[in-house]
Amino acid sequence: MNGNKPIILIPTYNPDMGLVNLARSVTKSGFLVIIVNDGSAVNTDHIFKKLAKISNCIVLEHGVNLGKGRAIKTAINHITTNYPGNAGVVTADSDGQHTAADIEKVASKLQSSKSFVLGCRKFSGEIPLRSRIGNIITKRVFRFLIGKSLSDTQTGLRGIPARYLKQLMTLRGERYEYEINVLAYVGRNNGRIIEVPIDTIYIDDNKSSHFNPLLDSMRIYFVLLRFLASSMTSTVIDYILFAIFFLCSESMIYSAVAARGISILVNYNMNRSWVFSTSKPHTFVKFLILASISLTTSCMFVSYLTQFFGLNVFIVKIIV
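Residue numbers restart at each chain and count upward from 1, following the sequence in its written direction. The model is predicted, so local features are restricted to residues of pLDDT at least 70 and side-chain atom pairs to those at 80 or more, both for listing and for counting; the totals for chains, interfaces and linings are taken over all residues. With hydrogens and water excluded, all non-hydrogen atoms of the structure serve as input to the side-chain values.

A. Quick peek at the overall build of the protein. Here a helix means four or more residues in a row that DSSP labels H or I, a strand means two or more in a row labelled E, and each is numbered from the N terminus. The number of helices and strands found in the protein is 11 helices and seven strands. Within the span of the protein, comprising 320 residues, buried residues form 49% of the whole. A contact between two residues is defined here by any heavy atoms of the two lying within 4.5 Å. Here the analysis covers contacts within the protein between residues at least 6 apart in sequence; of these, 76% occur between residues at least 24 apart. Carbon together with sulfur atoms contributes 60% to the accessible area of the protein, which is approximately 15500 Å² in total. Exposed residues in this analysis have more than 50% of their type's maximum accessible area, buried residues have under 20%, and partly exposed residues fall in between, with area computed by a 1.4 Å probe over protein chains only. The method behind every accessible area is Shrake-Rupley, applied with a 1.4 Å probe, and residues are considered shielded solely by the protein chains displayed.

Below, the structure is given as structure tokens:
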């Protein structure tokens, strides 16, 4: 195995022989492949025995089905522990949607750019209705709440730079919602996301997928709605405190600074413990810089609209 190449990570549940063929193709190109058996049925044991015999292919086991998110975390933990100098990880699905050529394409882009890479499908031609609708809704909600416009938020083919790996093990999510949580984390931390076009492949209308359209979709949207709840809670706290401080001091600047100072601490802690479950120390510095810019802009507009147009300060605060 070439130590400079990213490691290929494939979580799987009840796979068929297609996974064996995929692993053989990818390992022949010099990649290390790590497969996580996420509690598959006994009748698939022969597949994992074949996988274990492939050179540069490692099989990790879950005793029971714990979910795709947990399987990815299990593999990342193994990688960070045993391959600390890795160039990053490429996650891929085992249901035939991702070809060896596309996996290698994403790995190459990850290696050259050192950015987060998405292997994005074109969604043209005959696409299962649930996949087409699901991607449209998710990418629009994602863009509205996170501020990142992506063409395929549900792709499982992703290139993850090594610098993200340890932090991603601490993010919330055990099943499919983990993947949207990862994207949200990268987006909210201003990480660069590169899209690479890949083939759109659905075998037998994607019947082999273990994605539950109702339950897993609810988990995904709940992840995104946590961002909205965090922002709305902080906004309400900011406004109430501003009103109280202004009534007591009649100082717009003092009231805005004091209210925003408290509300950003609430927002930061909600994002860290409830939304992301992250504890990276440098994120607070970035958060303070962003909050300072927001506060300065807010004060300028509130001051301008109240002084030059004589508008009520409480109404202006809501508008701004």
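Now that the structure is up, let's keep going.
B. Highlighting a nonpolar patch on the surface. Within this analysis, patches are made of residues with over 30% relative accessible area and no salt bridge. Like charges are joined at 9 Å or less; nonpolar side chains (Val, Leu, Ile, Met, Phe, Trp, Tyr) at 5 Å or less. Salt bridge, as applied in this entry: a Lys or Arg side-chain nitrogen positioned within 4 Å of an Asp or Glu carboxyl oxygen. Together, Met-300, Phe-301, Ile-315, Ile-319 and Val-320 make up a nonpolar patch on the protein surface, roughly 530 Å² of accessible area in all. Structurally, Ile-319 can be placed in helix H11 (residues 313-319). We classify Ile-319 as exposed; its relative accessible area is 59%.

C. Structural view of helix H2 (residues 45-52). Taken residue by residue, H2 has Ile-47, Phe-48 and Leu-51 as its buried positions. Down the axis of H2, the buried side of the element spans an arc of 95°, and every buried residue falls inside it. Its buried side turned inward, H2 meets strand S1 (7-12), helix H1 (17-28), strand S2 (33-38) and strand S3 (57-62). Each C-beta atom gives one direction from the helix axis, and the arc is the one those directions make.

D. The arrangement of the sheet that holds S2 in detail. Reading across the sheet, the seven strands line up as S3-S2-S1-S4-S6-S5-S7 and stay open at both edges, with mixed pairing between neighbours. At either end of the open sheet lies a strand with only one pairing partner, and these are S3 and strand S7 (193-197). Averaged over all adjacent pairs, the angle separating strand axes in this sheet is 20°, with direction ignored. Each pair of strands is called paired provided DSSP finds at least two bridges between the two strands. Across four bridges, strand S4 (residues 88-91) lies against strand S6 (residues 158-161) in antiparallel orientation. Working convention: axes come from line fits to C-alpha atoms, limited for helices to the stretch in contact. Angles between N-to-C directions cover 0 to 180 degrees.

E. Inspection of the packing of H1 against H2 at higher detail. Running from N to C, H1 and H2 cross one another at 10°; their axes reach a closest spacing of 9 Å. Considering the angle they form, H1 stands roughly parallel to H2. Residues Met-17, Leu-19, Val-20 and Ala-23 of H1 touch H2, and the partners they reach there are Ile-47, Lys-50 and Leu-51. In these notes the angle categories are as follows: under 35 degrees is roughly parallel, over 145 is roughly antiparallel, 65 to 115 is roughly perpendicular, and the rest is oblique.

F. Molecular detail of the side chain of Lys-317. Examined against the element boundaries, Lys-317 turns out to sit in helix H11. Polar contacts, as counted here, are pairs of nitrogen or oxygen atoms within 3.5 Å of one another; within protein the pair requires one atom able to donate a hydrogen and one able to accept it, and residues that are adjacent in sequence qualify only if both atoms are side-chain atoms. Within polar-contact distance, the side chain of Lys-317 engages the side chain of Asp-238 at 3.1 Å. Setting aside anything within four residues of it in sequence, one finds Lys-317 in contact with Asp-238, Tyr-239, Phe-242, Arg-260, Ser-298 and Val-302.

G. Summary view of the pairing of S1. Judged by how many residues are buried, S1 sits mostly within the fold: six of six residues are covered. Alternating residues of S1 divide into Ile-7, Leu-9 and Pro-11 and Ile-8, Ile-10 and Thr-12, and every residue in both groups is buried. Of the strand pairs in this sheet, S1 and S4 are connected by three bridges, and their pairing is parallel. The residue of S4 that forms the bridge with Ile-7 is Val-89. Inspection of the sheet shows S1 paired to S2 by five bridges, in the parallel sense. Across the sheet, Leu-9 pairs through a bridge with Ile-34, a residue of S2. When the strands point away from the viewer, a crossover counts as right-handed if the route from the first strand across the helix to the second turns clockwise. Considered for its hand, the β-α-β crossover made up of S1, H1 and S2 is right-handed.

H. Representation of the packing of aromatic side chains in the model. Only centres within 6.5 Å qualify two rings of Phe, Tyr or Trp (six-membered ring in Trp) as a pair; their planes then separate them into stacked at under 30 degrees, edge-to-face at over 60, and tilted for everything else. As enumerated under the stated definition, the model contains four aromatic pairs in all. A ring pair is formed by Phe-242 and Phe-246, whose centres lie 6.0 Å apart and whose planes are at 15°; its orientation type is stacked. Here Phe-242 and its partner Phe-246 are both found in helix H8 (residues 215-249), four residues apart, which amounts to about one turn of the helix. Side by side, Phe-242 and Phe-246 carry an identical accessibility label, which is buried. Ring geometry for Phe-246 versus Phe-314: centroids 5.7 Å apart, planes at 90°, classification edge-to-face. Of the two residues, Phe-246 sits in helix H8 while Phe-314 sits in helix H11, which places them 68 residues apart along the sequence. Residue classification places Phe-314 among the partly exposed positions, given a relative accessible area of 21%. Over the aromatic face of Phe-31 sits the side chain of Lys-5, whose NZ or CZ is 4.6 Å from the ring centroid. Note on geometry: a ring has a charge over it if NZ (lysine) or CZ (arginine) is within 6 Å of the ring centre and within 35 degrees of the ring normal.

I. Representation of a positive patch on the surface within the structure. A positive count includes Lys and Arg, and a negative count includes Asp and Glu. His and the chain ends are not counted in either. The atom standing in for a charge is NZ when the residue is Lys, CZ when it is Arg, CG when it is Asp and CD when it is Glu. A cluster of basic side chains, namely Arg-24, Lys-28, Lys-49, Lys-50 and Lys-53, defines a positive patch on the protein surface. Taken together, the elements giving at least two residues each to the positive patch come down to H1 and H2. Its location among the elements puts Lys-28 in helix H1.

J. Broad picture of helix H7 (residues 177-188). The first and last C-alpha atoms of H7 sit 16 Å apart over 12 residues, in line with the 16 Å expected at 1.5 Å per residue. Taken as a whole, H7 has its buried residues at Glu-177, Tyr-178, Glu-179, Ile-180, Asn-181, Val-182, Leu-183, Ala-184, Tyr-185, Val-186 and Gly-187. Trailing H7 by a residue or two, Asn-190 shows a phi angle of about 60°, which is positive. Working rule for helices: expected span equals 1.5 Å times residues minus one.

Everything listed here is a matter of geometry and, on its own, says nothing about what the molecule does.
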